[in-house]
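Analysis of the macromolecular model
Here is how the chains run, residue by residue.
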Amino acid sequence: MSITKIIRLVSEDDSASILDIYAPYITDTSITFECEVPTVQEFANRVRNISEIYPWIVCQADGCLAGYAYASRHHERSAYQWSVNLSVYIKNEYQRKGLARVLYTTLFELLGHLGYFSGLACITYPNPKSEGFHSNFGFKQVGVYHKIGYKLGQWQDVIWYQMPIREPSQDPPDPLPIKDADSAAVNAILQKNTALISW
């Protein structure tokens, strides 16, 4: 039976479903350094605040969320504004289907359209699955923080990976917030990349 799939921008109404995907990473792993599961309302506020500025996308499969990816501020200082941190999370039953790659491909295209130049991923080390995924996608390792976070009874190292979104230019304009982007162009990117989902 065919599954109806769509990649779209996040809605605050997705918050509970996204939190269902994210919560086990908080409670059971050191993949995220967040230690307490936020309430749905706290998470909805987070979704709203991030998605007004940066692209946050979800994959919906037969009405259920299969995974999501988003960009967020890399650093407060204004000279960093053309760089973003990236995150992707996939629901267990949809892992190893190539969905993370499709979501990242979509996210990078949206970020390029908005005027960003560099994407960074912060990965708790060791994490062979995430390290391999990012390396295969084209990220390069750029640094290691040793014993930078304490979770699940031990000190954790973190590796930073970086990948260009597009070629840097001189005197770039400020990146465009996603809420101000041309909706037709955004929807075209989302629809084009939805077709990349192969399951």
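What comes next is a walk through the structure. (Residues numbered from 1 in each chain as written. Predicted model: local features only at pLDDT ≥ 70, side-chain atom pairs only at ≥ 80, totals over all residues. Heavy atoms only, no water.)

The subject of this paragraph is the pattern of salt bridges. By the definition in use, this model includes seven salt bridges. Ionic pairing is found between E34 and R46, a salt bridge with its closest N-O pair at 2.8 Å. Placement of the pair is E34 in the loop between α1 (15–28) and α2 (40–51) and R46 in helix α2, with a sequence separation of twelve residues. Here R46 falls in the partly exposed class, since its relative accessible area comes to 27%. E109 is paired through a salt bridge with K192; the nearest N and O atoms lie 2.6 Å apart. Pair noted here: E109 is in helix α3 (residues 99–114) and K192 is in helix α5 (residues 183–194), with a separation of 83 residues, a long-range link. (Salt bridge = Lys/Arg side-chain N within 4 Å of Asp/Glu carboxyl O. Helix = DSSP H or I, 4+ residues; strand = E, 2+ residues; numbered from the N terminus. Buried < 20%, exposed > 50% of the residue type's maximum accessible area, 1.4 Å probe, protein only.)

Turning our attention to the packing of α3 against α5. Interhelical geometry of α3 versus α5 gives an angle of 160 degrees and a closest axis separation of 10 Å. By the criterion of interaxial angle, the relationship of α3 to α5 is roughly antiparallel. The two elements α3 and α5 meet at a crossing, and its hand is right-handed. Residues V102, T105, T106, E109, L110 and H113 of α3 form the contact with α5, whose own contacting residues are A185, V186, I189, L190, K192 and N193. A class-by-class count of the residues in the contact of α3 with α5 yields six nonpolar, four polar and two charged. (Axes fitted to C-alpha atoms, helices over the stretch in contact; angles between N-to-C directions. Parallel < 35°, antiparallel > 145°, perpendicular 65-115°, else oblique. Left-handed = near helix turned anticlockwise from the far one by under 90°. Contact = heavy atoms within 4.5 Å. Nonpolar A, V, L, I, M, F, W, Y, C, P; charged D, E, K, R; others polar.)

The next subject is empty space enclosed by the protein. Summed over the entire model, instances satisfying the criterion amount to one cavity of 30 Å³ or more. Tallied by class, the residues present in the lining of the largest cavity amount to six nonpolar, no polar and one charged. (1 Å grid on protein atoms, 1.4 Å probe; cavity = no way out; pocket = protein on both sides within 12 Å on 5 of 7 lines; lining within 4 Å. Points joined across faces, edges and corners; volume = space filled by probe spheres on them.)

In this structure, the largest pocket occupies an estimated 1,000 Å³ of space. Contributing to the lining of the largest pocket are 39 residues, with I31, V88, Y89, S130 and H134 lying nearest its centre. Element by element, the count of residues in the lining of the largest pocket is highest for strand β4 (residues 83–90), at six residues. What the second largest pocket holds in volume is close to 220 Å³. Considering the residues around the second largest pocket, the lining is formed by 14 residues, among which I53, Y54, R73, Q81 and Y116 are closest to the centre. Its residues assigned to classes, the lining of the second largest pocket comprises six nonpolar, five polar and three charged.

By themselves, these are just geometric observations and shouldn't be taken as functional.
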